[in-house]
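# A structural walkthrough
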Amino acid sequence: MLPALATLSKLLQIEGNLEHFHVPKYQRAYSWNKKNWDVLLDDILENKSGYFMGTIICVDDRTERRPNEEKVYELIDGQQRLTTISLLIAAILKKYLALTPNKEDRDEFLISSLAKKLVKKKNEFYKYEDGGFMEGKNMCFLRVQPSTQDKNLDDYKYALGDIGLLNNISKPKYYGLRTISNAFEFFYEKLPTNLLELLQIKDKIDKLEFIHITVGSQADAFVLFETLNNRGVPLSAVDIIKNKVMTTMEKKHGIDMEESYNEWQKLLTNIPDYRDQDRFLRQYYNTFKVDDSIKIEGVPKATKSTLIEIYEQLIKKDAKKVFNDLLSK
């Protein structure tokens with residue numbers, strides 16, 4: 001475990017060995033809303049430079065990398081904050097370009113530094129580098145890559161294409177109705193039209209502070225995730241149970257996280273509403289607790305308050321059995 005206090009400009013540094021923060025596929029969709037965006041902007045504006053933004057937890061399970069290969073972290077805790085801040089940086093760049101229509105008036109270093117906090121492109125790369133995607137002859141890496149859920153990634157790429165950072169990005173259907181688009185436009189409208197004030201906000205964002213913790217496995221990340229208080233939108237019981245199942249399947253049964261994620265998606269496809277998912281998990285226990293392999297001593301009934309406790313113990317007993325049983329039911 002490698003905890004470190006780092007400013008945003010350090011996390012998203014633009015020189016030397018760059019690091020990228022990518023949200024794994026199994027993570028839920030970006031879910032911050034106007035209230036969260038308002039609070040974040042107020043926190044930045046009303047506090048002194050160096051405002052503390054909490055802890056981010058990443059997984060880096062690569063034991064070695066080839067020369068000049070990109071370092072891509074799996075972002076386990078911090079998706080909401082880093083995605084939002086990246087959208088804010090993109091909105092600052094869009095606003096700056098709008099306020100300086102004459103190219104001779106622009107600070108090209110400033111534009112470049114903002115762009116490099118969002119996207120890295122390189123024309124010398126290894127085939128199939130983790131986290132990269134091709135754009136012509138270049139390989140691109142998003143410095144912060146959101147979840148793929150609910151078209152988050154597609155919408156985010158389009159927002160970056162809107163300010164010229166990515167090429168040939170088609171507008172996703174219903175883009176303007178979804179959260180990524182709304183956040184991007186919210187910040188663009190909220191940002192000042194005074195250039196000096198805009199740059200002052202940019203400097204404050206650079207100095208936001210985080211505790212950056214890196215662990216070597218999903219299981220270790222989950223233990224940390226359970227014990228730390230999280231800023232922003234908390235995980236639901238279903239999210240926590242899902243993550244616990246998948247980390248245990250990987251650690252104890254050697255089943256790849258991606259495989260478990262794809263199987264879990266089948267369950268969500270059949271039960272798309274969160275309230276129904278929660279009820280399904282409770283009904284599973286309440287119906288089949290007559291089986292001694294399922295019954296948890298001292299817990300006669302699954303309720304909202306006992307649900308996580310029940311599944312923690314079931315998963316500890318036999319994660320593979322309970323996972324397969326849930327899918328079959």
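Quantities reported herein were computed from a predicted structural model and do not represent experimental measurements. Every chain begins its residue count from 1, and numbering advances along the sequence as written. Only residues with pLDDT of at least 70 are given local features in this predicted model, and only at 80 or more are side-chain atom pairs given and counted; all residues enter the totals for whole chains, interfaces and linings. Hydrogens and water are ignored here; the side-chain numbers use all heavy atoms of the structure.

## A closer look at the environment of A6
- With respect to the element layout, A6 can be found in strand β1 (residues 2–7).
- Sequence-wise, A6 and K207 are 201 residues apart; in three dimensions their C-alpha atoms are separated by 8.9 Å.
- Filtering out sequence-adjacent residues up to four positions away, A6 remains in contact with L11, L208, E209 and F210. Here a helix means four or more residues in a row that DSSP labels H or I, a strand means two or more in a row labelled E, and each is numbered from the N terminus. Residue contacts are defined here by distance: any two heavy atoms, one from each residue, within 4.5 Å place the two residues in contact.

## Considerations on the packing of aromatic side chains
- Side-chain rings of Phe, Tyr and Trp (the six-membered ring for Trp) are treated as a pair once their centres are within 6.5 Å; stacked means planes under 30 degrees apart, edge-to-face means over 60, and tilted covers the remaining angles. Summed over the entire model, instances satisfying the criterion amount to 8 aromatic pairs.
- Aromatic side chains W37 and F187 sit 6.5 Å apart centroid to centroid with 55° between the ring planes, which places their arrangement in the tilted category. Of this pair, W37 sits in helix α2 (residues 34–46) while F187 sits in helix α6 (residues 179–190), placing them 150 residues apart in sequence. Both residues of the pair, W37 and F187, belong to the buried class.
- Seen from their ring centres, Y284 and Y311 are 6.5 Å apart, and the 35° between their planes marks the pair as tilted. In this pair, Y284 is assigned in helix α11 (residues 274–288) and Y311 in helix α12 (residues 307–328), connecting sequence segments 27 residues apart.
- Accessibility expressed as a relative area gives 3% for Y284, which makes it buried.
- Categorising residues by exposure relies on relative accessible area from a 1.4 Å probe, with only protein chains included: less than 20% of the type maximum marks a residue as buried, more than 50% marks it as exposed, and the intermediate range marks it as partly exposed. Judged by relative accessible area, which is 1%, Y311 ranks as buried.
- Among the aromatic residues, those joined into a ring-pair cluster are W37, F186 and F187.
- Definition used: whenever NZ (Lys) or CZ (Arg) falls within 6 Å of the ring centre and also within 35 degrees of the ring normal, the charge is taken to sit over that ring. Across from the ring centre of F288, 4.7 Å away, lies the NZ or CZ of K329, which sits over that ring.

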